[in-house]
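# Overview (structure and organization)
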2 protein chains.
Amino acid sequence: MSALSSMAAAVPAAGEAPGRGAGAGGDGAELFAWARELVTPALRRAVEDLPAPQREIVGYHRGWHGVAGPAARGGGKAVRPALVFLSAMAVGAPPESVIPGAVAVELVHDFSLLHDDVIDADPLRRHRPAAWARYGTPAAVLTGDALLVRALAVLAADARPYSAPATGELSRMLEDLLRGQSQDVAFESTARVRPEEYLEMAAGKTGALMACACALGALLAGASEARTAGLRDFGCHLGIAFQCADDLLGIWGTTRRSGEPVGADVAARKKSLPVAVALADPGPAGRRLAGLYDRTEPLSATDVATATELIEQAGGREATEREAGPTPGGGSVAGDRSR
Amino acid sequence: MSALSSMAAAVPAAGEAPGRGAGAGGDGAELFAWARELVTPALRRAVEDLPAPQREIVGYHRGWHGVAGPAARGGGKAVRPALVFLSAMAVGAPPESVIPGAVAVELVHDFSLLHDDVIDADPLRRHRPAAWARYGTPAAVLTGDALLVRALAVLAADARPYSAPATGELSRMLEDLLRGQSQDVAFESTARVRPEEYLEMAAGKTGALMACACALGALLAGASEARTAGLRDFGCHLGIAFQCADDLLGIWGTTRRSGEPVGADVAARKKSLPVAVALADPGPAGRRLAGLYDRTEPLSATDVATATELIEQAGGREATEREAGPTPGGGSVAGDRSR
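Predicted, not measured: the structure shown is a model, and the values here were computed from it. (Residues numbered from 1 in each chain as written. Chains lettered and ligands numbered in written order. Predicted model: local features only at pLDDT ≥ 70, side-chain atom pairs only at ≥ 80, totals over all residues. Heavy atoms only, no water.)

## Digging into the nonpolar core
The cut-off we apply is this: Nonpolar cores are built from buried Ala, Val, Leu, Ile, Met, Phe, Trp, Tyr and Cys residues. Side-chain atoms within 4.5 Å join them into one set. Any residue under 20% of the maximum accessible area for its type is buried, any over 50% is exposed, and the rest in between are partly exposed; the area is computed with a 1.4 Å probe on protein chains only. Working rule for contacts: check all heavy atoms of both residues, and any pair within 4.5 Å makes them a contact.
With 135 residues, the main nonpolar core has Leu174 of chain A together with Leu174 of chain B as its most contacted residues. Setting aside chain neighbours within four positions, we find Leu174 of chain A in contact with Val108, Phe111 and Leu148 of chain A together with Val149 and Leu152 of chain B.

So this is what it looks like as structure tokens:
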């Protein structure tokens, strides 16, 4: 999360009101704790009049009740609300003035997690049973719908006088997000995913919401279209980098946010960026990896270790680290998807 | 559908441009065919750039391809687009000028059908396997999401200069629609549903979208807030009447749109309005019906016939016919829910 931290560090220079951002300096953990504290009261208010079963699911999903252990921090890292606040501060506005934007992006994030877990039949989320696994698919679908609609309602009702451009921003983001999600689903039945296809998917599935978070922070602060567009671009690149970092953790990480074992992405033959890059490599490592990935039987622990080594030899790790780094590759397709 | 036909008949008197509404007069079937013809090209354009799997599901769901028999008319009756067009005409505008509104409400209607069938695990829709039964739950959920988001995008992008009030109208409607859907789900695990609770649910689940259709038709035609509000109220009452008519068909109808056998609602102990009214009756018919409904074993064909008779004796049919009729009951709770 060095990109976020450097954004936070840059904020005072960009005209932040003195004293306002005391909590926003320092490292990533402090920044996220600050953003979470700032958004949570409004987020709770935004869902308090949902029907009781949906309120219960939101509270469970976000870790607001009945949680001990790693999930107890409450609903993830608040990365997207942090981006909304920092964008507002970057254009000289107090973060308190853009709270509806922070609430809206976090509601959309939760919508996408609830539906993604149904769509991917993923049984775990934040170290606990996913909402659908605990409350059933119908309840998870309906709660996701309710959060999406509430995000729209928050911007339509609470983001005056910027409701119209803000809901337009939300609308375009949701189209990109769903297109990315759809591409991700399609990858499951595709033998080979090209690196540029993967980056296009990541620009939608992960980049669009972060781009929207940055754009909303600027827009609701009354920034010019040019500055809003610049921050939107930044958010999209950050989202792609974020996805690449997640892909690296999925293969070489020692712990995983969702609690899966290390190497799970390889065992599941997940087509993440390191794998896409390695399979596109015409050399011997790429060809040997393709042989392993094209077999129909499950991969043994030895196969997983071999495949992990081959992905690295074929350049998958290095290329992904480059995408995840602070300087986006000049020739990357990400540059074309940064709306 | 006498209320719709009389609305259509009233249109010329309300200042409709001569020659415009030739297709809108006559009986309900002609009216719906006219509305369907007017909305379909724009509706097809609105979904043509969805990802291929979702386009396929929309085409299947709407009966645009591979369909013979009763479903071949293509995606239901276009009741909601008809309301958008007629509302515009009622305030003196050509129906062609409000096409984005008609597209948006029909997209929301399809979203709600796709997700409702998942939520209710309903295997049939329009005489054929429901989308989830044919393409799987993940694809049906994702396609529903895409249609909801596209509805918002159509209003945000194509409904200028009325984008802001139109997306606000959409947002409030979606909140009511989802609240109604949530109440309907809750009824499944409730022993007794009071008639006023049922009508509140119907005002959300069926009334909200019809209210929105009427309001959008007026709003996009530039009507005053007062006229828009009047048409919104009309749409909500019509939606409740529509739901009541459907409930009557579910018990006493000779054919059903979805192809279930007559009496299916009683066999399934569905808590529709006639049943809610009858179970609230303190007389002998109500008490005998309660005895049948509270048994845990399935109802035999004789039980279903007896229950049907008891529902009528306890006043369930008459009260529902009154709600479904052209004059809403003065003391009905529907009067409080007509936003």
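## A closer look at the confidence of the model for chain A
Residue and element names in this part refer to chain A. Definition in use: Residue-level confidence of the predictor is summarised by pLDDT, bounded by 0 at the bottom and 100 at the top.
Looking at chain A, pLDDT values average 86 and 83% of them are 70 or higher. Every residue in residues 8-25 is under pLDDT 50, and counting partners more than four places away or in other chains gives 23 contacts. Low confidence marks residues 329-339, where pLDDT is under 50. Its contacts with residues over four positions away, or in another chain, come to 22 contacts.

## Looking at the interface of chain A and chain B
In many reports, interface size means the accessible area that the parts give up when they come together. To be explicit about the condition: By buried area we mean how much accessible surface two parts lose on assembly, using a 1.4 Å probe and totalling the loss over both. The working definition used for a salt bridge is a side-chain nitrogen of Lys or Arg within 4 Å of a carboxyl oxygen of Asp or Glu. Where helices and strands are cited, they refer to DSSP runs of H or I of at least four residues and of E of at least two residues respectively, numbered from the N terminus. Side-chain classes are defined by residue name, with Ala, Val, Leu, Ile, Met, Phe, Trp, Tyr, Cys and Pro counting as nonpolar, Asp, Glu, Lys and Arg as charged, and the others, Gly among them, as polar.
Across the boundary between the two partners, chain A contributes 30 residues, which contact 30 residues of chain B. A combined buried area of about 2500 Å² lies between chain A and chain B, and 72% of that area is made up of carbon and sulfur atoms. Taken together, the links from chain A to chain B amount to two salt bridges. For the salt bridge of Glu175 of chain B with Arg150 of chain A, the shortest nitrogen-to-oxygen distance reads 2.8 Å. For the side of chain A that touches chain B, the secondary-structure elements that each account for two or more residues are helix 5 (99-119), helix 7 (137-158) and helix 8 (163-187) of chain A. For the side of chain A that touches chain B, the residue count by class is 18 nonpolar, eight polar and four charged.

## Topic: the pattern of salt bridges
Residues and elements named next belong to chain A. Going through the model one piece at a time under the given rule, you end up with 37 salt bridges over all chains. Of the charged contacts in the structure, one is a salt bridge between Asp303 and Arg295, with a shortest N-O distance of 2.9 Å. Taking the relative accessible area as the measure of exposure, Asp303 reaches 15% and is therefore buried. The structure contains a network of salt bridges with shared partners spanning Arg62, Glu106, Asp110 and Arg126.

## With respect to the environment of Leu174 of chain A
Considering the arrangement of structural elements, one finds Leu174 of chain A in helix 8. The spatial distance from the C-alpha of Leu174 of chain A to the C-alpha of Cys212 of chain A is 9.3 Å, given a sequence separation of 38 residues.

## Quick notes on the side chain of Ser272 of chain A
Residues and elements named next belong to chain A. Its place among the elements puts Ser272 in the loop between helix 11 (264-267) and helix 12 (273-279). On the accessibility criterion, Ser272 (1% relative accessible area) is buried. Other than its neighbours up to four places away in sequence, Ser272 contacts Tyr198, Asp247 and Ile251.

## Quick look at the environment of Asp184 of chain B
Note on placement: Asp184 of chain B falls in helix 8 (residues 163-187). A sequence separation of 21 residues divides Asp184 of chain B from Lys205 of chain B, and the C-alpha atoms of the two residues are 8.0 Å apart.

## Describing the relation of the copies chain A and chain B
Note the cut-off: For this overlay, a least-squares fit was computed on C-alpha atoms, restricted to residues scoring pLDDT of at least 70 in both copies.
Placing chain A over chain B gives an RMSD of 0.0 Å and needs a rotation angle of 180°, together with 0.0 Å of translation along the axis. Look at the turn and shift together and you get a two-fold axis relating the two. Across chain A, the smallest distance between a C-alpha and the rotation axis is recorded for Ala164 of chain A, namely 2.5 Å. Mapped onto chain B, 100% of the interface residues of chain A are again interface residues, and the two copies thus contact each other with one and the same surface.

## Considerations on the packing of aromatic side chains
Aromatic rings considered in pairs are described by the distance between their centres and by the relative angle of their planes. Condition: Centre distance within 6.5 Å is the pairing criterion for rings of Phe, Tyr and Trp, where only the six-membered ring of Trp is used; planes under 30 degrees apart are then read as stacked, over 60 as edge-to-face, and the remainder as tilted. Remark: a charge is flagged as sitting over a ring if the NZ atom of Lys or the CZ atom of Arg is within 6 Å of the ring centre and within 35 degrees of the ring normal.
Following the criterion strictly, the structure yields four aromatic pairs over all chains and no others. With a centroid separation of 5.8 Å and an interplanar angle of 70°, the aromatic rings of Trp34 of chain A and Phe85 of chain A are classed as edge-to-face. Residue Trp34 of chain A is found in helix 2 (residues 28-47), and its partner Phe85 of chain A is found in helix 4 (residues 79-90); the two are separated by 51 residues along the sequence. Of the two residues examined, Trp34 of chain A and Phe85 of chain A, each falls in the buried class. The interplanar angle of 75° and the centroid separation of 5.4 Å between the aromatic rings of Tyr60 of chain A and Tyr135 of chain A together place this pair among those described as edge-to-face. Of this pair, Tyr60 of chain A sits in helix 3 (residues 52-61) while Tyr135 of chain A sits in helix 6 (residues 131-135), and the two are 75 residues apart along the sequence. For Tyr60 of chain A, a relative accessible area of 5% puts it in the buried group. Sitting above the plane of the Phe242 of chain B ring, Arg80 of chain B keeps its charged end 5.8 Å from the centroid.

## Side note on helix 7 of chain A
Put simply, the rule reads: To estimate how far a helix should extend, the number of its residues minus one is multiplied by 1.5 Å.
For helix 7 of chain A, which comprises 22 residues, the first-to-last C-alpha distance of 31 Å matches the rise-based estimate of 32 Å (1.5 Å per residue) to within 8%. Counting buried positions along helix 7 of chain A yields 17 of 22 residues, so the element is predominantly enclosed.

## Things to note about the packing of helix 7 of chain A against helix 5 (residues 99-119) of chain B
The relative placement of two packed helices is expressed as an angle between their axes plus a distance between the axes. Definition in use: For every element, the axis is a line fit to its C-alpha atoms; helices are fit only across the contacting stretch, and the angle between N-to-C directions ranges from 0 to 180 degrees. Just so you know how the angles are binned, under 35 degrees is roughly parallel, over 145 roughly antiparallel, 65 to 115 roughly perpendicular, and the rest oblique.
Following both chains from N to C, one finds helix 7 of chain A and helix 5 of chain B inclined at 150°, their axes separated by 8 Å at the closest point. Taken as axis vectors, helix 7 of chain A and helix 5 of chain B run roughly antiparallel relative to one another. On the side of helix 7 of chain A, the interface is formed by Thr137, Pro138, Val141, Leu142 and Asp145 of chain A, while helix 5 of chain B contributes Phe111, His115, Val118 and Ile119 of chain B. Here the contact of helix 7 of chain A with helix 5 of chain B is composed, by residue class, of six nonpolar, two polar and one charged.

## Considering the packing of helix 4 (residues 79-90) of chain B against helix 5 of chain B
Residue and element names in this part refer to chain B. For clarity, the threshold we go by: Helix crossings get a hand from a simple test, with the near helix turned counterclockwise from the far one by less than a right angle marking a left-handed crossing and a clockwise turn marking a right-handed one.
Their axes nearest at 8 Å, the elements helix 4 and helix 5 cross at an angle of 155°. When the interaxial angle is binned, helix 4 and helix 5 end up roughly antiparallel. Regarding helix 4 and helix 5, the two cross each other, and that crossing is right-handed. Taking contact as the criterion, the partners of Arg80, Pro81, Val84 and Phe85 in helix 4 are, on helix 5, Ile99, Gly101, Ala102, Val105, Glu106 and His109. Each residue belonging to the contact of helix 4 with helix 5 can be placed in one class, and the counts come to six nonpolar, two polar and two charged.

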